[in-house]
Amino acid sequence: MSQTRMLDDTLDRLLGRRLSEPAAHADPALPDTLRAEMTEAGLHLVLVPEESGGLGGTLAEAATVAWRCGWHAAPVPIVETLLLPLIDPAAEGGSPASVSFAPPSRAGAAGTSDRERKSVLPLPQMPALLIGGTEAPLPPHIAAKGMLLTAAMMTGAMARVVEITADYANTRVQFGRPLVKFQAIQHKLAEAASELAVTEAALAAALEAEDEGRGSDLLRLSAKAQAGHAATVIAATAHQLFGAIGFTQEHELHRYTRRLWAWRDDWGRQADCDLAIGRAGCGDPDGLWSCIVDERRNSA
């Protein structure tokens, strides 16, 4: 069994056991319980090198963990949980317990690192890194991983929303036939599934490039921006089909869509990502098309 499959199976069982009942989400202690169990299983150390006591996993393997958390709508800050072990607080005079992330508003408008300020692309704001309550520069590799892990988490949540929406359309009977038999509904479901497929492709390309050492700002921005656009379409389609029931406390849909709406702006605001991609195309003498088809440019 590959490590990717092992991580996914372990987390799927853990979260499935805790979140199988709708009432479980009402437990105020649930986030702390899940985080403690995930820590006990060593899932927070996926990206930590083996020589440092971690699992030595790739970013794609860490993205599998984020994807599964999104699929279960797990109320845990999985992106931050995966990234915090990569930060050395001793370098800034702090302790492991003193390291945390703050919302982007705590960071300066100029960005979070010298590399980002000098980047060819105007990268979106990232969360501020706090060590002992003092703001410190966010390492560029942490920002890059945060964008893609957030996109992976969103992709997992969207996959689940598409699944439950398609199932509902196949079983809900209206005017004497299932909803899925109506052509307008088929078009909506096809649009949602297409957005999910494009997101998966953009994320896979960015993760592969990152693990092969040829990651680029454009690939990361594209993956995060596409995840945001897809989340808007998929959430709207799901709520349109489910109607008011999707917002009720007993139904699971809103636990996904509310998170998706918020995640669009986490670790790279969707509008900022779109703007950066547009400026890349406008600022390139060969236009945006060259950024898409020229692999050497993307890996620069």
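As shown above, the structure is provided for reference.
Residues numbered from 1 in each chain as written. Predicted model: local features only at pLDDT ≥ 70, side-chain atom pairs only at ≥ 80, totals over all residues. Heavy atoms only, no water.

Caption draft 1: Molecular detail of the overall build of the protein chain. Of regular secondary structure, the protein chain possesses 12 helices and 5 strands. Counting across all 300 residues of the protein chain, residues that qualify as buried make up 49%. Long-range pairs, those at least 24 residues apart, make up 69% of the contacts in the protein chain with a sequence separation of at least 6. (Helix = DSSP H or I, 4+ residues; strand = E, 2+ residues; numbered from the N terminus. Buried < 20%, exposed > 50% of the residue type's maximum accessible area, 1.4 Å probe, protein only. Contact = heavy atoms within 4.5 Å.)

Caption draft 2: Spatial organisation of unusual backbone geometry. With phi around 55 degrees, Ala73 is a residue other than glycine that occupies positive phi space. Judged by relative accessible area, Ala73 falls into the buried class, the value being 1%. The phi angle at Trp267 is positive, at roughly 50 degrees, despite the residue not being glycine. Relative to the helices and strands, Trp267 is located in the loop between helix H9 (253-263) and helix H10 (270-283). When its relative accessible area of 3% is taken as the criterion, Trp267 is described as buried.

Caption draft 3: Structural detail: the packing of helix H1 (residues 3-19) against helix H3 (residues 59-71). Two numbers describe how H1 lies on H3: the axes approach to 9 Å, and their chain directions differ by 25 degrees. Between H1 and H3, the angle is such that the two are roughly parallel. In the crossing of H1 with H3, the sense of the turn from one axis to the other is right-handed. Contacts from Gln3, Thr4, Leu7, Asp8, Leu11, Asp12 and Leu15 of H1 reach H3 at Glu61, Thr64, Val65, Arg68 and Cys69. When grouped by side-chain class, the residues that make up the contact of H1 with H3 number 5 nonpolar, 3 polar and 4 charged. (Axes fitted to C-alpha atoms, helices over the stretch in contact; angles between N-to-C directions. Parallel < 35°, antiparallel > 145°, perpendicular 65-115°, else oblique. Left-handed = near helix turned anticlockwise from the far one by under 90°. Nonpolar A, V, L, I, M, F, W, Y, C, P; charged D, E, K, R; others polar.)

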